[in-house]
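# An overview of the molecular structure
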Amino acid sequence: MHLMTLILTLGLLWPVGPPIPEVLRGWQPPPGPYAAGHRGVDLAAPPGTAVVAPVAGTVTFAGPVGGRGVLTLTLPHSGTPPLRTTFSPVTPLVRTGTRVAAGTPVARVAPGTHCPEACLHWGLLRGDRYLNPLLLTPRTPSRLLPVGG
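Residues numbered from 1 in each chain as written. Predicted model: local features only at pLDDT ≥ 70, side-chain atom pairs only at ≥ 80, totals over all residues. Heavy atoms only, no water.

## Digging into the nonpolar core
Short version of the rule: Take the buried residues of types Ala, Val, Leu, Ile, Met, Phe, Trp, Tyr and Cys, join any two whose side-chain atoms come within 4.5 Å, and each joined set is a nonpolar core. Only protein chains enter the area calculation, which uses a 1.4 Å probe; residues under 20% of their type maximum are buried, those over 50% are exposed, and those in between are partly exposed. Note on conventions: DSSP H or I runs of at least 4 residues are helices, E runs of at least 2 residues are strands, and numbering of each starts at the N terminus. In what follows, residue pairs with any heavy atoms lying within 4.5 Å of each other are defined as contacts.
Judged by nonpolar contacts, the single largest core of 27 residues is most densely connected at V51, L71, F87, V90, V106, L120 and W122. Going through the elements one at a time, strand 2 (41-44), strand 5 (68-74), strand 6 (83-88), strand 9 (105-109) and strand 10 (119-126) are the ones with two or more residues in this core. Those residues in contact with V90, other than ones at most four positions away along the chain, are V51, G69, V70, L71, A107, R108, V109, A110 and L120.

Have a look at this one:
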């Protein structure tokens, strides 16, 4: 399934907010699998902020990775391999295998050293390929305005 068709079908939510969170650091895909880059986006969110499922899915991982809490949500009916969205640093509120509806609290932002400011790192993958998670966010239609006064 094409990603834009999927987004329109699923009607995804922001994982933190309202209001829409500030993006502290954007997606900067690395030039290669082991190269430096930023494989997600950092959203402003203080420790304790609820993290909600942006879409219905199944929690396929909830636990520590490299000393940080991580939660992975797999999106059903999103193609092969299915899309997976990740959140860190978090304290998971649900266990691996739990099916959740969009808007369900799945974690809380945990204190961490990922950002200079408190944040939630939000990632998106299809297989081992990283994608920009902001592609999942709702957008208002663009409108052309007349040139000049």
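Back to the write-up after that little detour.
## Observations concerning unusual backbone geometry
For the bond running from G17 to P18, omega is 5°, close enough to zero to count as cis. You can see P18 is positioned in the loop between helix 1 (3-10) and strand 1 (23-25). Of note, the amide linkage connecting P18 to P19 takes the cis form, showing an omega dihedral of 0°. Looking at the element boundaries, P19 is found in the loop between helix 1 and strand 1. Here H77, not a glycine, exhibits a phi torsion of approximately 60°, which is positive.

## Some details on the confidence of the model for the chain
If pLDDT is low for a region, its predicted coordinates should not be looked at in detail. Note the cut-off: Values of pLDDT, the confidence the predictor places in each residue, fall between 0 and 100.
Overall, the prediction assigns the chain a mean pLDDT of 87, with 88% of residues at 70 or greater. Looking at the elements of the chain, mean pLDDT is at its lowest for helix 1, recorded as 49, and at its highest for strand 8 (residues 99-100), recorded as 98.

## Quick notes on the sheet that holds strand 3 (residues 50-52)
Where we set the bar: Pairing between strands is defined by DSSP: at least two bridges between them are needed. To get an axis, fit a line to the C-alpha atoms, keeping to the stretch in contact for a helix; angles then go from 0 to 180 degrees between the N-to-C directions.
Within the open sheet, the three strands sit side by side as 3-9-7. Their pairing is antiparallel. Whereas interior strands pair on both sides, the edge strands pair on one side only; in this sheet they are strand 3 and strand 7 (90-92). Strand-to-strand twist of the sheet, defined as the mean angle between neighbouring strand axes without regard to direction, takes the value 35°. In this sheet, strand 9 lies alongside strand 7 in antiparallel orientation, the contact comprising three bridges. From the neighbouring strand, P92 faces strand 9, where its bridge partner is A107.

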